[in-house]
Amino acid sequence: MFRALNFWLTATIACLLAGCSEISRLPEPPQPELSQAYPEVAEFLKERLADVRSKPKSADAWGHYAMALDAHEYHSEAITCYESAIRLAPERMRWKYLLSLRFQEQEPEKAAELLMQVTQSERPSLAALIRYSDLLAELQSGDEHERMLMLAEKKFPQHPAVLWRRARLCFEAGKKQNALDILGTIHGRYLETTTLEQRILAEASADRTQDSSLTSDLPSTDVEIEDKDLAAVANYRRDPLWRGRIAAEQANAGDQQGLQTLTQLVAKHPDLVDNRLLLAIVLQELGDVNEARRILLDGIAIDPGNLRFLGELGALSILESNWPDAEEWLRKLLSHHPESVEGRSDLAYVLEQLNRRDEALELLHQALKRRPDDSELIRRARAIEDTNSKLDAK
């Protein structure tokens, strides 16, 4: 009996020592310099750091701190924390996947090793399979690259991001008809698939020209890839500019809470130009032009020469066909920013509406000196010249 107790006691102590040894090898959680960070960001990161210090054996605490650091581009500190999370919970694939993204450009071999482990797990995401496949192609691991694409197609059949990569492989191997056959199975039109199809057909007809206008507005196949891990990192962002963009998207989708959040952000950070412009644009889209103008005027009070505020105030006046006000704002813009081609172009348009064609033409010629190949400026200048010629002929 005593021998049995001794055995279990020894085994327990050994396990505890192993755990302690693992913890002892963990670094001190990194603390980035936050003196220039937004208060919201600094507070959030300090909370995540405190969580790690209170639970140093928790892989989740390390991983969530890593994601928070990663989201705010403290990448070297994030790497340290991802590595600690992996050491504590090597079976968790999220930390390995996110760490691979940090290594992908500078140390692709390390990224490939991590992605190999992720893709060998029970349920790899399509994002991981595609990233690993693309990385293998860069590292010129042809057979493994093809095997990974086959695995991706098996797990995610008929996905356009997988199919177009398979079609590209066939094309690069000289199997153009096979590539076309694969492209023909893809539902919907995408930038990569249409471009590849055009290229194959152009080569077959000895016409190497491609019409880029047919593809310029098409989405990438990769927009169809759901990357939950990367989305989780994005959700850790707390800086007001990021929150402003998200709030504007929500407001444009009809979410009243998004408009309220954006309004609060502008009030809290009145000097952030992007959020103020987003709020003005959202209000304009909602038909509240007067409130949009007030938001911009408040911005001008803070920064009287701001190019974007002056341009947007000019645009609002143009929208209302208030040509005198539009001229005033655009002349102020040019007084602060005489190099602005857009300012000259917009003011020329306003003067055209006021039948001051000679002044408008002079502004267009000035703009063309800075941008001589601008087809729209050339067209407008010629149109005014033609009008003047016809009037002179009478």
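Undergrad: I would appreciate a short explanation of the side chain of Thr221 in the present structure.
TA: When you line up the elements, Thr221 lands in the loop between α11 (191-204) and α12 (228-234). There is a polar contact of 3.3 Å between the side chain of Thr221 and the side chain of Trp164.

Undergrad: What is the right way to look at helix α19 (residues 341-353) in this model?
TA: A turn of α-helix holds 3.6 residues, and therefore any two residues three or four places apart point the same way. With 13 residues, α19 extends 19 Å between its outermost C-alpha atoms, agreeing within 8% with the 18 Å of an ideal straight helix rising 1.5 Å per residue. Looking at the buried residues of α19, the elements they touch are α17 (307-319), α18 (323-336), α20 (357-370) and α21 (375-393). Where α19 begins, one side-chain oxygen reaches toward the backbone nitrogen of Gly343, 2.9 Å away; that side chain belongs to Ser340. Just downstream of α19 lies Asn355, where phi reads positive at about 60°.

Undergrad: Looking at this structure, how should I read the packing of α19 against α21?
TA: Each pair of packed helices can be described by the angle between their axes along with the distance between the axes. Remark: α19 packs on α21, axes separated minimally by 12 Å, with the N-to-C direction vectors making an angle of 30°. As summarised for this structure, α19 and α21 are arranged roughly parallel, according to the angle between their axes. As α19 runs across α21, the sense of the crossing is left-handed. Across the interface between the two elements, Val341, Ser345, Ala348, Tyr349 and Glu352 of α19 pack against Leu377, Arg380 and Ile384 of α21. Of the residues contributing to the contact of α19 with α21, the split by class is 5 nonpolar, 1 polar and 2 charged.

Undergrad: Is there a simple way to think about the pattern of salt bridges in this case?
TA: Inspection of every chain in the model, using the stated rule, returns 29 salt bridges. Arg53 is the salt-bridge partner of Glu28, the closest N and O atoms lying 3.9 Å from each other. You can see Glu28 sitting in the loop between α1 (2-24) and α2 (39-54) and its partner Arg53 sitting in helix α2, a full 25 residues away along the chain. In this structure Arg53 comes out as partly exposed when scored by relative accessible area, which is 45%. Close ionic contact of Arg237 with Asp239 constitutes a salt bridge, the shortest N to O distance being 2.9 Å. Among the charged side chains, a salt-bridge network with shared partners connects Glu327, Arg331, Arg356 and Glu359.

Undergrad: Is there a simple way to explain the packing of aromatic side chains in this structure?
TA: Each aromatic ring pair is characterised by the separation of its centres together with the angle its planes make. Summed over the entire model, instances satisfying the criterion amount to 2 aromatic pairs. Between Phe44 and Tyr236 the ring centres are 5.8 Å apart and the planes differ by 55°, which places this aromatic pair in the tilted class. On the criterion of sequence distance, the pair formed by Phe44 in helix α2 and Tyr236 in the loop between α12 and α13 (240-252) is long-range, its members being 192 residues apart. Each of the two residues, Phe44 as well as Tyr236, counts as buried.

Undergrad: What is the right way to read α20 from this model?
TA: The first and last C-alpha atoms of α20 sit 20 Å apart over 14 residues, in line with the 20 Å expected at 1.5 Å per residue. If you follow the buried residues of α20, they end up packed against α19 and α21.

Undergrad: When you look at the environment of Leu354 in this model, what are you seeing that I'm missing?
TA: Inspection of the secondary structure assignment puts Leu354 in the loop between α19 and α20. Measuring from C-alpha to C-alpha, the distance between Leu354 and Leu126 comes to 58 Å, with 228 residues separating the pair along the chain. With near-sequence residues (within four places) excluded, Leu354 lies in contact with Trp323 and Glu327.

Undergrad: Where do I start with the confidence of the model for the protein chain in this structure?
TA: Keep in mind that low pLDDT regions are not for reading the predicted coordinates in detail. Residues at a pLDDT of 70 or more form 91% of the protein chain, whose mean pLDDT is 91. Here α1 is the element of the protein chain with the lowest mean pLDDT, 48, and helix α3 (residues 59-71) is the one with the highest, 98.

Undergrad: Just checking my understanding: could you explain unusual backbone geometry for this structure?
TA: Most of the time, phi is negative for any residue but glycine, and the peptide bond is trans. One non-glycine residue, Gln140, adopts positive backbone phi at about 60°. Secondary-structure assignment places Gln140 in the loop between α7 (126-138) and α8 (142-155). Positioned with a positive phi, Gln158 is a non-glycine residue whose angle comes to about 65°. Among the secondary structure elements, Gln158 is positioned in the loop between α8 and α9 (160-172). For Gln158, a relative accessible area of 45% corresponds to the partly exposed category.

What counts, and where the lines are drawn
Residues numbered from 1 in each chain as written. Predicted model: local features only at pLDDT ≥ 70, side-chain atom pairs only at ≥ 80, totals over all residues. Heavy atoms only, no water. Helix = DSSP H or I, 4+ residues; strand = E, 2+ residues; numbered from the N terminus. Polar contact = N/O pair within 3.5 Å; in protein donor to acceptor, adjacent residues only side chain to side chain. Expected span 1.5 Å × (residues − 1). Contact = heavy atoms within 4.5 Å. Axes fitted to C-alpha atoms, helices over the stretch in contact; angles between N-to-C directions. Parallel < 35°, antiparallel > 145°, perpendicular 65-115°, else oblique. Left-handed = near helix turned anticlockwise from the far one by under 90°. Nonpolar A, V, L, I, M, F, W, Y, C, P; charged D, E, K, R; others polar. Salt bridge = Lys/Arg side-chain N within 4 Å of Asp/Glu carboxyl O. Buried < 20%, exposed > 50% of the residue type's maximum accessible area, 1.4 Å probe, protein only. Phe/Tyr/Trp six-rings, centres within 6.5 Å; stacked < 30°, edge-to-face > 60°. pLDDT = per-residue confidence, 0-100.

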